[in-house]
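Residue-level structural notes
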Amino acid sequence: MNKNCTRFAPSPTGYLHLGHAASALIAVNWAQDNSADFVLRIEDIDQTRCRPEFEAAIYEDLHWLGLNWQQPVRRQSEHLVAYQGALSELQKQGLLYRCFLTRREVMAEINHAPHGIVDVYTGPNKHLSASQETELLEQEKPFAWRLSLSKAKEVLGDLWHDLEWLETGSGQSGLIKAKPEILGDVILARKDISTSYHLAVTHDDALQNISHIIRGQDLFDSTHIHVLLQVLLGLPTPIYHHHPLITDKEGRRLAKRDGSKSLQELRKSGISAAQVRGMVGL
Ligand code: GLU
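In this report, we go over the structure that sits alongside the text. (Residues numbered from 1 in each chain as written. Predicted model: local features only at pLDDT ≥ 70, side-chain atom pairs only at ≥ 80, totals over all residues. Heavy atoms only, no water.)

Observations concerning the environment of Asp33
Here is the rule: Each helix is a run of DSSP H or I of at least 4 residues and each strand a run of E of at least 2, with the numbering of both proceeding from the N terminus. For each residue, the accessible area found with a 1.4 Å probe, counting protein chains only, is set against the maximum for its type, and the residue is called buried under 20%, exposed over 50%, and partly exposed in between.
One can find Asp33 in helix H1 (residues 18-33). By relative accessible area, Asp33 is classed as exposed at 66%. Here the alpha-carbon distance between Asp33 and Glu181, two residues 148 residues apart in the chain, equals 36 Å.

A closer look at the pairing of strand S9 (residues 212-216)
Selection rule: When DSSP finds at least two bridges between two strands, those strands are taken to pair. For crossovers, right-handed means that the path from the first strand over the helix to the second runs clockwise, given strands pointing away from the viewer.
Among the five residues of S9, five are classified as buried, and the element is accordingly described as predominantly covered. Summarising the sheet, S9 and strand S10 (residues 239-243) pair through five bridges and their orientation is parallel. Directly across from Ile213, in S10, lies its bridge partner Tyr240. One crossover worth recording links S9 to the parallel S10 by way of helix H8 (residues 220-232), and it is right-handed.

Things to note about the nonpolar core
Across soluble globular proteins, you tend to see nonpolar side chains buried next to one another. Note the threshold: The criterion is simple. A nonpolar core is a set of buried Ala, Val, Leu, Ile, Met, Phe, Trp, Tyr and Cys residues joined through side-chain atoms within 4.5 Å. By definition in these notes, contact holds between two residues if any of their heavy atoms fall within 4.5 Å.
Among the nonpolar cores identified, the biggest contains 35 residues, and Leu90, Leu147, Leu188, Leu199, Leu228 and Leu232 are the most heavily contacted of them. Sorting the residues of this core by element identifies helix H3 (80-92), strand S5 (144-147), helix H6 (149-156), strand S8 (187-189), helix H7 (197-207) and H8 as the ones contributing at least two each. Setting aside anything within four residues of it in sequence, one finds Leu232 in contact with Leu90, Gln93, Leu95, Leu147, Ala152 and Leu156. Counting 28 residues, the second largest nonpolar core, distinct from the first, contains Ala24, Leu25, Ala31 and Leu65.

Topic: the packing of H7 against H8
Under the convention used in this document: The convention used is that axes are lines fitted to C-alpha atoms, helices contributing only their stretch in contact, and that angles between N-to-C directions extend from 0 to 180 degrees. Reported orientations rely on four angle classes, namely roughly parallel under 35 degrees, roughly antiparallel over 145, roughly perpendicular from 65 to 115, and oblique for the rest. By convention, the crossing between two helices is left-handed when the near helix turns anticlockwise from the far helix through less than a right angle, and right-handed when the turn is clockwise.
Close contact between H7 and H8 brings their axes to 10 Å; oriented N to C, the two are set at 60°. Taken together, the axes of H7 and H8 are oblique relative to one another. Pair H7 / H8 crosses with right-handed handedness. Each of Tyr197, His198, Leu199, Val201 and Thr202 in H7 lies in contact with H8, whose residues at this interface are Ser222, Ile225, His226, Leu229 and Gln230.

Observations regarding the site of the ligand
The test is simple: Here a residue is considered near a molecule or strand provided that any single heavy atom belonging to it is located within 4 Å of it. Definition of a polar contact: a pair of N or O atoms within 3.5 Å, with one able to donate and the other able to accept a hydrogen when the atoms are protein atoms, and with sequence-neighbouring residues admitted only if both atoms are side-chain atoms. Residues are sorted three ways: Asp, Glu, Lys and Arg are charged, Ala, Val, Leu, Ile, Met, Phe, Trp, Tyr, Cys and Pro are nonpolar, and all the rest, Gly among them, are polar.
With respect to spatial proximity, the complete set of residues near the ligand consists of Arg7, Ala9, Pro10, Ser11, Glu43, Tyr197, Val201, Arg215 and Leu219. Take Ala9: an N or O atom from its main chain is 2.7 Å from a nitrogen atom of the ligand. In the environment of the ligand, an oxygen atom lies 2.8 Å from a nitrogen or oxygen atom belonging to the side chain of Arg215. For the shell around the ligand, the class distribution of residues is five nonpolar, one polar and three charged.

What to know about the sheet that holds strand S1 (residues 5-8)
In sheet architecture, strand pairing relies on hydrogen bonds along the backbone and comes in two forms, parallel and antiparallel. The strand order across the open sheet formed by three strands is S1-S2-S3, and the pairing between neighbours is parallel. Of all strands in the sheet, those bounded by a partner on one side alone are S1 and strand S3 (74-75). Where S1 and strand S2 (residues 37-42) come together, four bridges link them in parallel fashion. Among the inter-strand pairings, Arg7 is bridged to a residue of S2, identified as Val39. Packed on one face of the sheet, H1 meets S1 and S2 and runs near 165° to S1.

Regarding the packing of aromatic side chains
Filter applied, for reference: For this analysis, a ring pair means two rings from Phe, Tyr or Trp (six-membered ring only for Trp) whose centres lie within 6.5 Å, classed as stacked if their planes differ by under 30 degrees, edge-to-face if by over 60, and tilted for the remaining angles.
Under the counting rule described, the total for this entry stands at six aromatic pairs. When the ring of Phe100 is compared with that of Phe143, the centres are 5.4 Å apart and the planes differ by 55°; the resulting orientation is tilted. Remark: Phe143 occurs in the loop between helix H5 (130-138) and S5 and Phe100 occurs in the loop between strand S4 (96-99) and helix H4 (103-109); sequence separation between them is 43 residues. Looking at Phe100, the relative accessible area reads 5%, which means it is buried. Consider the rings of Phe143 and Trp145, whose centres lie 5.5 Å apart with planes at 90°: the pair is edge-to-face. Assessed through its relative accessible area of 21%, Phe143 is described here as partly exposed. Three or more aromatic residues joined by ring pairs make a cluster, and in this case those are Phe100, Phe143 and Trp145.

Here's what the structure looks like:
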């Protein structure tokens, strides 16, 4: 049996903040308490937003916090071919469709449902005919690959109702029934990159034998899709622990736009790593 393993998987699109420190520290503490492995993964598929200096700062900040991780560090940008393989497997099962719409067109197609879910794309209002699609391809119009939830339901049959994961976080916990509809027909390969967060993360968590995923509550909804992808790709479903987000005194989530400080800034202002642990409640 594989040893238990958890991970911290930041995207180098900015400097790490207290929320990142919380995720990384909770994961490392868990690994230590459970004699499990801890890996660091750099989720840098979006090369337009990722920058080398942010990646360098991730290593620096985590070392400053006193963390160590296994080598080599997996950098997703170096494995696009592997994600292409996972995409092809789903394609072979007839689970994907091309989406040529622009973001604005997608928003226009989304039903502004009364329950307030405004950003979930549930599939095209009108499917393209084969000749329309060929025409768009001939015009080299860019397209994304989306996962068709209706096809997935068809392929899984009764298994669809068994989609679930074990959650150990302090919010909703226990066996959670996965409801992929919450996120709709998600993009699995973006127009500009041949993969997406959902596909790459699902692929890598399985490849790296991650048995316990520890991450912020903001990613809870994504798990509904990740569990579906695991089943469609024949991959195991890990145990999930979504931890509460770090909030300010008023209970508001800390975000960069509100002037919340990066770990670099905190360090420069004389705050110690031990104080950061205290600030995230550890
Ligand atoms: N790369 C993601 C982020 O920085 C986290 C992915 C995950 O933990 O599943 O938000």
